Amino acid sequence: MKFVHAADLHLDSPLRGLERYEGAPVDRLRGATRAAMENLVELCVGERVDFVVLAGDLYDGDWRDYSTALFFASQLSHLRQAGIRVYWLRGNHDAQSQITKHLRLPENSFEFSSRRPQSFVLDDLGVAIHGQGFAKRAVTDDLAAKYPASIDGYFNIGVLHTCVSGRAGHEPYAPCSVETLVAKGYDYWALGHVHRREVLHRDPWVVFPGNLQGRHVRETGAKGATLVTVEDGEVADVAHQPVDVLRWARVEVDAGSCVSGDDVVDAVRAALEQALDACDGRPLAARVAISGGSRAHDQLQSNPAHWMSALRAVAIDVEPEAIWLERIELATDPAIDFSALDQRDDAVGQLVRSLREIAGDPDSIEALSDSLADLRAKLPAELRGDDDPTAAAALREAIGDVERLLVSRLLDGDSS
Ligand SMILES: [Mn+2]
C-alpha cells in the first residue's frame, strides 16, 4: 500500500520579490504553484498510490473567482480517473471562515470536518485516517488532543495543520508537542503548515512534507511531497519527491580573492552555474550576496549600476531563461588586514587600540551602558525592540561594527 502526503499547496499564490527585467523567465514563474500540483498528480498516478492526504492550506486565501477551485477540482478528477482517493482538511489560510465561495468537488474527495475530529476508515486497505480542519484562521487549541484513539488492527494516520510547539517564524496555530502526537498510538502523522520539510519523529513517523513550490527567497531548496510505502501494516519507506518547477537559492559569493569587478562577475558566474546544477533542470531564482574584504571594492562602489547589469547579463548568459536574479547584494568591504591594525603607528592604530580596549574592559562597557540608558528611555516603545541595545554583549558587537565602519572610511582610497 502506498500513499502520498502533501501540504501547503497555496494554489495561485504569487511568487514574491521578482522584478521584471530583460531576459528574465517571467512566463515560467506564473502559475508555478499550479504546475507543482500537476506534478503531484502525475507522481500519484505514476506511483499508483492508493490515496493522497493533503494537510491544509490548499488555497492561499479566499478565491478571487472560481478559477483556482476549478483547477483544484480538475486535478482531483484526474486522480479519480486513476482510482485515487483524496483526504484533505483546511488550514489557517483556507479555514472555513476564510473561503466564502463553494464548489462541489469530485466524489473521490473527502474533507475532514472543521467542527470536530473525524475519521475515515478504509476497510479495503486496513487504514484509518483521523483529522480536523480549521474553522477559523486563528485556531489556538491543541486540536490533536481530541483526536480519537487509534483503531486496533488498522494502519492509523493523523492529519493535522499545526505549528508543533512554536516553530520559529510560523504562526502558533493548533499547538501540540511531538510527545503527545507520538503517545496517540498512530503509525504516521501527516502534518502541514511549516513550509520546510522536516521529519520530527520516526516510528511512529511525524512529518512535515514542506510546501509544494517555494514562493520567495526564504523558501529555498527542493520542494515537494512525501511518498509513504506501507508493508504488513508498517511503514517500509518514507521518501521525499520533489514536484517544484522552480528553485530558490541564496547564492553567497566571497569576493576576498577578487582583484577587479570582472573577477567578481566571474566568481558569481561560477557560483550560479553550481546553483543551477543543483536544480535538476528547473529554473533558478537566486539572491546573490557578494561580501568580504576585497580589492575590487572600490571599483564596484564607484559604479554599482554598471556592475548590477553586468551580473544580470552573466546570469542570462549562463543559460538564457534559466536564472532569475531576485536581488543582488553588493556588500563588499575594502581590503583591510584588520588583525594588524592595532600595530599601526598612526591615528588609525590609536583609534583601533582605544576601541578594542573599551570592548575588552567590563567597567568601560558598564559606563557606556549607563550613559546610553537615558537615551534608550527616551526612545518611543515601538523603536526599542525586544533586544536591549545597551546590554554588554550588544555593545561589544556595536563597537566591533564601529571599528569596521570607521577604519573602512578612514582607509578607503589607500587600501589598494
Ligand atoms: Mn498554514
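Residues numbered from 1 in each chain as written. Predicted model: local features only at pLDDT ≥ 70, side-chain atom pairs only at ≥ 80, totals over all residues.

Helix and strand content of the protein chain: 11 helices and 15 strands. Here the protein chain, with 416 residues, has 36% of them falling under the buried criterion. Considering only contacts in the protein chain between residues 6 or more positions apart, those separated by 24 or more positions represent 71%. (Helix = DSSP H or I, 4+ residues; strand = E, 2+ residues; numbered from the N terminus. Buried ≥ 20, exposed ≤ 12 C-beta atoms within 10 Å, placed from the backbone. Contact = placed C-beta atoms within 7 Å.)

For the α-helix, the turn length of 3.6 residues means that residues three or four positions removed from each other point alike. The end-to-end C-alpha separation of helix 7 (residues 304–318) is 21 Å, in line with the 21 Å expected for 15 residues at 1.5 Å each. Those residues of helix 7 lying buried are W307, L311 and A315. Seen from one end, helix 7 has its buried residues packed into an arc of 85°, which puts them on one side. Those residues of helix 7 that are exposed and angled more than 90 degrees off the buried face are A305, H306, A313 and D317. Residues of helix 7 that are buried in the fold lie against helix 5 (261–277), strand 14 (284–294), helix 6 (297–302) and strand 15 (323–334). (Expected span 1.5 Å × (residues − 1). Arc of directions from axis to C-beta.)

Moving on: the sheet that holds strand 5 (residues 118–122). Taken in spatial order, the 6 strands make up an open sheet running 5-6-7-8-10-9, and their pairing is mixed. Edge positions in the sheet fall to strand 5 and strand 9 (198–201), since each has one partner strand and no second. Taking the axes of each pair of neighbouring strands and ignoring which way they run, one obtains an average angle of 20° across the sheet. Here strand 8 (residues 188–192) pairs with strand 10 (residues 205–208) via 3 bridges, running parallel. Each bridged residue has a counterpart across the sheet, and for A190 the counterpart in strand 10 is V207. (Pairing = 2+ DSSP bridges. Axes fitted to C-alpha atoms, helices over the stretch in contact; angles between N-to-C directions.)

All right, on to the nonpolar core then. Ranked by internal contacts, the top residues of the largest apolar core, which has 94 residues, are V52, V53, V159, W189 and L191. Counting residues per element, this core draws most heavily on helix 2 (residues 32–46), which supplies 6 residues. Counting the residues that make up this core, at least three belong to each of domain 1 (2–242) and domain 2 (247–334). Ignoring anything within four residues of it in the chain, the contact list for V159 reads V53, A55, Y87, L89, F112, I129, H130, G131 and A190. (Core = buried A, V, L, I, M, F, W, Y, C linked by C-beta atoms within 7 Å. Domains from an automatic or database assignment.)

So, on to unusual backbone geometry. Phi is mostly negative for residues that are not glycine, and the peptide bonds are mostly trans. Cis geometry marks the peptide bond from D203 to P204; its omega dihedral reads 0°. Along the polypeptide, P204 turns up in the loop between strand 9 and strand 10. Although it is not a glycine, E321 sits at a positive phi angle of roughly 65°. Relative to the assigned elements, E321 resides in the loop between helix 7 and strand 15. Among the residues examined, E321 registers 13 C-beta atoms within 10 Å and is labelled partly exposed.

Bringing helix 3 (residues 67–81) into the picture now. Taking 1.5 Å as the rise per residue, helix 3 with 15 residues should run 21 Å; its terminal C-alpha atoms sit 21 Å apart, in good agreement. Among the residues of helix 3, T68, A69, F72, Q75, L76 and L79 are the ones counted as buried. Mapping the buried residues of helix 3 onto a view down its axis gives an arc of 125°, with all of them on the same face. For helix 3, exposure combined with an orientation more than 90 degrees from the buried face picks out S67, L70 and Q81. Taken from the residues just after helix 3, G83 is the one with a positive phi, measuring 75°.

What follows deals with the domain arrangement of the protein chain. Partitioning the protein chain into structural domains gives domain 1 (2–242), domain 2 (247–334) and domain 3 (338–411). Measuring from the centre of the C-alpha atoms in domain 1 to the corresponding centre in domain 2 gives 36 Å.

The next point concerns the packing of helix 2 against helix 3. With their axes 10 Å apart at the nearest point, helix 2 and helix 3 run at an angle of 10° to one another. Between helix 2 and helix 3, the crossing angle belongs to the class labelled roughly parallel. Seen from above, helix 2 lies across helix 3 with right-handed handedness. Residues R34, M37, E38, V41 and C44 of helix 2 form the contact with helix 3, whose participating residues are F71, Q75, H78 and L79. Residue classes in the contact of helix 2 with helix 3 are distributed as 5 nonpolar, 2 polar and 2 charged. (Parallel < 35°, antiparallel > 145°, perpendicular 65-115°, else oblique. Left-handed = near helix turned anticlockwise from the far one by under 90°. Nonpolar A, V, L, I, M, F, W, Y, C, P; charged D, E, K, R; others polar.)

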